Amino acid sequence: MKVVVDYDVCESNAICMGIAPEVFEVRDDDFLYLLDENPGEELRSKVEEAVRRCPKQAISIEED
Amino acid sequence: MSSDPIDLDRIVIVGASLAGLTAAATFRAQGWDGDLVVVEASATMPSDRPPLSKQVLAGTLEPAAAISALTDRIDGLDVDIRLDHRVAGAGFAADDLRLKFFNDHEITADGVVIATGSAARWPAGFLVETEDSTANEPKYRPRLAGVHVIRTLDDSLALKADLDSGPNRLVVIGAGFIGAEVAATARAAGVDVTMVEYAPLPLARVLGGMVGEFVADLHRDNGVDLRLGVGLDEIVEGAPGRVGAVTLTDGSRIDADVVVLGLGAAPELDWLGGSGLVVDNGVVCDETLWAGPGVVAAGDVASWVNTLFGERMRVEHWENAIEQGEAAAKRLLAAGEGSDGEPFASVPWFWSDQYDCKIQMAGRPAADDEIVLIDGDPADRRFAVAFRRGDRCTGVFAANRPRIAVVARMRMAESLDWSHVVP
Ligand SMILES: Cc1cc2nc3c(=O)[nH]c(=O)nc-3n(C[C@H](O)[C@H](O)[C@H](O)COP(=O)(O)OP(=O)(O)OC[C@H]3O[C@@H](n4cnc5c(N)ncnc54)[C@H](O)[C@@H]3O)c2cc1C
Ligand code: SF4
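Residues numbered from 1 in each chain as written. Chains lettered and ligands numbered in written order. Predicted model: local features only at pLDDT ≥ 70, side-chain atom pairs only at ≥ 80, totals over all residues. Heavy atoms only, no water.

Along chain A, the regular secondary structure elements total two helices and four strands. Relative to the globule expectation of 11 Å for 64 residues, the C-alpha radius of gyration of chain A, 10 Å, shows essentially globular dimensions. If one aligns the C-alpha atoms of chain A with their principal axes, the spans along those axes are about 30 × 20 × 15 Å. Considering chain A as a whole, with its 64 residues, one finds that 44% of them fall into the buried category. Here chain A has roughly 3,200 Å² of accessible surface; of this, 47% comes from carbon and sulfur atoms. (Helix = DSSP H or I, 4+ residues; strand = E, 2+ residues; numbered from the N terminus. Rg over C-alpha atoms; globule rule 2.2 N^0.38 Å. Buried < 20%, exposed > 50% of the residue type's maximum accessible area, 1.4 Å probe, protein only. Areas by Shrake-Rupley, 256 points an atom, 1.4 Å probe, with all protein chains shown as cover.)

Pasting the structure below:
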């Protein structure tokens, strides 16, 4: 599974970080960083939850 | 404790918005393959609501995109959505759940999800019946054109049309979050704006002094004529059938060709009278979102006991509708297995965009909680405050500090202990 963020629409509100801090981090500079672009299957349900709760629909999952 | 399993062949969801469609997607994601019906009052598909006072109103998001932001949640799933089906009444007895429509048609269900949300408030007497209103199905419209609320896509587009026509002045009544967003969007479009708030400061009822002063300054600095401590007296006709001015409780009069009423929202509960459910500022649920045998509720309409706060609450936030839609669907499926489910405990979270300011709030602060600055400086429009009540942190408010807000929220989910949230 590959996590893709559309940075053009992401507004750095950090909701995804609250759900899956292993994958998403909004740093002090207010930008979102992907800590792990290819997270393991054990994180799938958390990443899917982040997809559902991102207010900007900026996150998607690509299967490899 | 557990109960007899409910045989779930058909589930009906009332309300095809964020909570309802999230519940629908959850039933399918959990592998439940019964008959799934969603009944919705609106004749057209609802949209995602947050953009209605922001991007849709500003013209930077197409209406179709606001609709798909909602409907993508059930894309490709087997869900029978019935638009133009306003539920008029309900009878919920154990093993006999019925929903009644205005044409007296009825449907039955083995499980029901109540997700009827809330509707914008109008001042008493301002709505009049429309020509196609019937005793059976009453319909209303505002007495004067140019006066708006914002709850639906149509509301937002109607206001946008009025703002695009180059009005002399927009008056916003109520400096709550939605009113404040409308004011900000209209200012960005170059419209002159007066915002009227009955309380001495914006958001004073929920958030208290420092935050209210910050929001007041934000709007004044962006050219809003802010009138605090005065209320709406009357909406006055100008050209026939159209608003021309408002008068305020201090006797002043403001000429206005567009008026937006940001008077808050009320939960949609009328249809539940006599249903057998307890209704009191929301559908009264237990801590698992269970409202009665076979019936759960989610989103703006649900009042439940949040065990994290040890408090009954009803939350009108976007993310809450998603979280509760999921939790309520799982609760109903648990009943199908004879289980009593799990409590839904959460830290409510809300955002609002005003000018260049991203506002976020986590928790459930009260206006008389102590406010402690935990980061930055309001003068820089980049700061965060925490709300303290005794040994507890009840909430965090942040402007342009998303990281601080989310970290505090994560800690609050573990414990509300002040020293844990604000180390
Ligand atoms: C303009 C605006 C901006 C917002 N901005 C933000 C924001 O920035 N951040 C944030 O956190 N939240 C925001 N919100 C709040 C958020 O949109 C709501 O909390 C969310 O929409 C609640 O979803 P819901 O599904 O519970 O209810 P609703 O969205 O209210 O949907 C309820 C649905 O039920 C239908 N219905 C009602 N009665 C009946 C009936 N008797 N029979 C059949 N159907 C019925 C309605 O037609 C509606 O489609 C905003 C809301 C608005 C209006
Ligand atoms: S939740 Fe969405 S908008 Fe918010 S930071 Fe994550 S990707 Fe960006």
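All names here are of chain B. At a minimum axis distance of 7 Å, the contact between helix H1 (residues 18-29) and helix H8 (residues 318-336) shows a crossing angle of 40 degrees. Comparing the axis directions of H1 and H8 gives the class oblique. Note that H1 runs across H8; the crossing there is right-handed. Note on element contacts: H8 touches H1 through Trp318, Ala321, Ile322, Gly325, Glu326, Ala329, Lys330, Leu332 and Leu333, opposite Leu18, Ala19, Thr22, Ala23, Thr26 and Phe27. A per-class count over the contact of H1 with H8 returns 10 nonpolar, three polar and two charged. (Axes fitted to C-alpha atoms, helices over the stretch in contact; angles between N-to-C directions. Parallel < 35°, antiparallel > 145°, perpendicular 65-115°, else oblique. Left-handed = near helix turned anticlockwise from the far one by under 90°. Contact = heavy atoms within 4.5 Å. Nonpolar A, V, L, I, M, F, W, Y, C, P; charged D, E, K, R; others polar.)

As a further point, take the site of ligand 2. All residues in the neighbourhood of ligand 2 are listed as Cys10, Glu11, Ser12, Asn13, Ala14, Ile15, Cys16, Leu32, Cys54, Lys56, Ala58 and Ile59 of chain A. Classifying every residue of the shell around ligand 2 by side-chain character gives eight nonpolar, two polar and two charged. (Near = heavy atom within 4 Å.)

All names here are of chain B. Among the 34 residues in the neighbourhood of ligand 1, the closest are listed as Ser17, Glu40, Arg49, Lys54 and Asp300. A distance of 3.4 Å separates an oxygen atom of ligand 1 from a polar atom in the backbone of His317. A distance of 2.9 Å separates an oxygen atom of ligand 1 from a polar atom in the backbone of Trp351. Of all the secondary-structure elements, those providing two or more residues to the shell around ligand 1 are H1, helix H5 (177-188), H8 and strand E25 (349-354). For the shell around ligand 1, the class distribution of residues is 16 nonpolar, nine polar and nine charged. Of the residues that make up the shell around ligand 1, three or more belong to each of domain 1 (10-120 + 266-336) and domain 2 (139-263). (Polar contact = N/O pair within 3.5 Å; in protein donor to acceptor, adjacent residues only side chain to side chain. Domains from an automatic or database assignment.)

A few words on the interface of chain B and chain A. Contact with chain B, which involves 24 residues of that partner, is made by 20 residues of chain A. Note on chain B versus chain A: buried area summed over both sides is about 1,800 Å², and carbon and sulfur give 47% of it. Area buried by chain B at its contact with chain A is led by Arg403, Val406 and Met410 of chain B, which between them contribute 26% of it. Remark: the boundary between chain B and chain A carries seven salt bridges. Residues Arg401 of chain B and Asp28 of chain A are paired through a salt bridge, measuring 3.2 Å at the closest nitrogen-oxygen approach. Put simply, chain B and chain A have 11 residue pairs in polar contact (both at pLDDT 80 or more) between them. Those elements that place two or more of their residues in the side of chain B that touches chain A are helix H3 (63-71), H8, E25, strand E26 (357-363) and helix H9 (402-414) of chain B. Ranked by residues supplied to the side of chain B that touches chain A, first place goes to H9 of chain B with six residues. Residue composition of the side of chain B that touches chain A, by class: nine nonpolar, four polar and 11 charged. (Buried area = accessible area lost by both parts, 1.4 Å probe. Salt bridge = Lys/Arg side-chain N within 4 Å of Asp/Glu carboxyl O.)

Evaluation of the coordinates by the stated rule reveals eight aromatic pairs over all chains. With 5.5 Å between their ring centres and 50 degrees between their planes, Trp304 of chain B and Phe344 of chain B make a pair best called tilted. In this pair, Trp304 of chain B sits in strand E23 (residues 302-306) while Phe344 of chain B sits in the loop between H8 and E25, placing the two residues 40 residues apart along the sequence. Given the relative accessible area of 0%, Trp304 of chain B is considered buried. A centroid spacing of 6.2 Å and a plane angle of 40 degrees characterise the contact between Phe383 of chain B and Phe397 of chain B, whose relative ring orientation is tilted. Of this pair, Phe383 of chain B sits in strand E28 (residues 382-389) while Phe397 of chain B sits in strand E29 (residues 392-399), placing them 14 residues apart in sequence. This pair shows no difference in class: Phe383 of chain B is buried, exactly as Phe397 of chain B is. Here a set of aromatic residues connected by ring pairs shows up, and it is made of Phe214, Phe383 and Phe397 of chain B. Looking at Arg27 of chain A, its charged tip hangs above the ring of Tyr33 of chain A, at a distance of 4.0 Å from the centre. (Phe/Tyr/Trp six-rings, centres within 6.5 Å; stacked < 30°, edge-to-face > 60°. Lys NZ or Arg CZ within 6 Å of the ring centre and 35° of its normal.)

So, on to helix H4 (residues 153-164) of chain B. All names here are of chain B. The terminal C-alpha atoms of H4, which comprises 12 residues, lie 16 Å apart, in line with the 16 Å expected from a rise of 1.5 Å per residue. Considered for burial, the residues of H4 that qualify are Leu153, Ser156, Leu159, Lys160, Asp162 and Leu163. For H4, the secondary structure elements touched by its buried residues are helix H2 (55-58), H3, strand E11 (147-148), strand E12 (170-173), H5 and strand E18 (258-261). Among the residues trailing H4, Gly166 stands out with phi positive, at a value near 75 degrees. (Expected span 1.5 Å × (residues − 1).)

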